[in-house]
Amino acid sequence: MRFVIQILLWLVIIFLAYLTFNAVYEPIQFNKIKEKRYAKVIENLKDIRASELAYKEVTGRFTGSWDSLIQFLDTAEFAITQRRDTTFLDKEYKKTYGVDQYIEKVVVDTLGFSSVKDSLFKGNESYKNMMNVPIKGVDAKFDLKAGTLDKKGNKIPVFEAKIAKSKILYDQDRTLVLQENDVQSVDDVNGRYISVGSMTEVNTSGNWPKVYGDNE
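The structure displayed is predicted, hence computed values, not measured ones. (Residues numbered from 1 in each chain as written. Predicted model: local features only at pLDDT ≥ 70, side-chain atom pairs only at ≥ 80, totals over all residues. Heavy atoms only, no water.)

### Some remarks on the environment of Lys-34
Assignment of secondary structure puts Lys-34 in helix α1 (residues 2-59). Put simply, Lys-34 and Lys-165 are 131 residues apart on the chain and 9.1 Å apart in space, counted from C-alpha to C-alpha. The residues contacting Lys-34, other than those within four sequence positions of it, are Leu-169, Glu-180 and Asp-188. (Helix = DSSP H or I, 4+ residues; strand = E, 2+ residues; numbered from the N terminus. Contact = heavy atoms within 4.5 Å.)

See the structure below:
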């Protein structure tokens, strides 16, 4: 009986040691997986932001359609311009007052055009898949929206692309994912989503920390 009790005690000790080990090991592994996946997702969001900013530069607005954005990248061109200062005589002023008056003006010359996709992606066609969440086992697209915000009577174009953390971490421990959704830290992605842009404020920044690269 004494031998059986000793065996049971050892089993309890081993079980408690296993729980203690898991309590430390699982969050460490979770963070490694999380950071690796977030980095991939953020690279796509950076491409989406660059594409949306180019779209706005050419059209004056953002788009909430993936088809429109890809078609734009396939066909659109940036105008290559040069600004120069020029000065010329105001003939009307001289005719009226008999005194020379010169007008200073900035002239913008169009020198040519450059493909948007070549300027942004250097011949790489990765933009055609940037709407897909780049995580194995995740069959989802980033949620993309665009519109305008009214600021003192002015309609300001805005856009937002985002994906829920729970989709990125679909195969991870549910408790750890719920904790990740509540994280509030300058060193991590806060909130339930990884996103760039905003539909509620004029902002084209990403909500990730600088450790993942430029967020503006």
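### Quick notes on unusual backbone geometry
Here the phi dihedral of Lys-152 falls at roughly 55 degrees; this positive angle occurs in a residue that is not glycine. By the element assignment, Lys-152 lies in the loop between β3 (143-151) and β4 (154-164).

### Remarks on the pairing of β3
As judged from the nine bridges shared by β3 and β4, these two strands associate in the antiparallel manner. Residue pairing across strands places Gly-147 opposite Val-158, the latter belonging to β4. In this structure, the hairpin formed by β3 and β4 is closed by a connection of two residues, where Lys-152 is found at a positive phi of approximately 55 degrees. (Pairing = 2+ DSSP bridges.)

### Points about the nonpolar core
Core analysis: the biggest nonpolar cluster contains 38 residues, and Val-41, Leu-45 and Ile-194 have the highest contact counts within it. If one sorts the elements of this core by residue count, α1 sits on top with eight residues. Residues in contact with Leu-45, not counting those within four places in the same chain, are Phe-142, Ala-161, Ile-194, Ser-195, Val-196 and Trp-208. (Core = buried A, V, L, I, M, F, W, Y, C linked by side-chain atoms within 4.5 Å. Buried < 20%, exposed > 50% of the residue type's maximum accessible area, 1.4 Å probe, protein only.)

### Quick notes on the sheet that holds β4
The strands making up a sheet associate through hydrogen bonds between their backbones, and the pairing can be parallel or antiparallel. Taken in spatial order, the three strands make up an open sheet running β3-β4-β5, and their pairing is antiparallel. Of all the strands in the sheet, the pair left with one neighbour each is β3 and β5 (193-197). On average, adjacent strands in this sheet sit at an angle of 25 degrees to one another, irrespective of strand direction. Relative to β5, β4 is paired through five bridges, and the arrangement is antiparallel. Paired with Ile-163 across the strands is Ile-194, a residue of β5. (Axes fitted to C-alpha atoms, helices over the stretch in contact; angles between N-to-C directions.)

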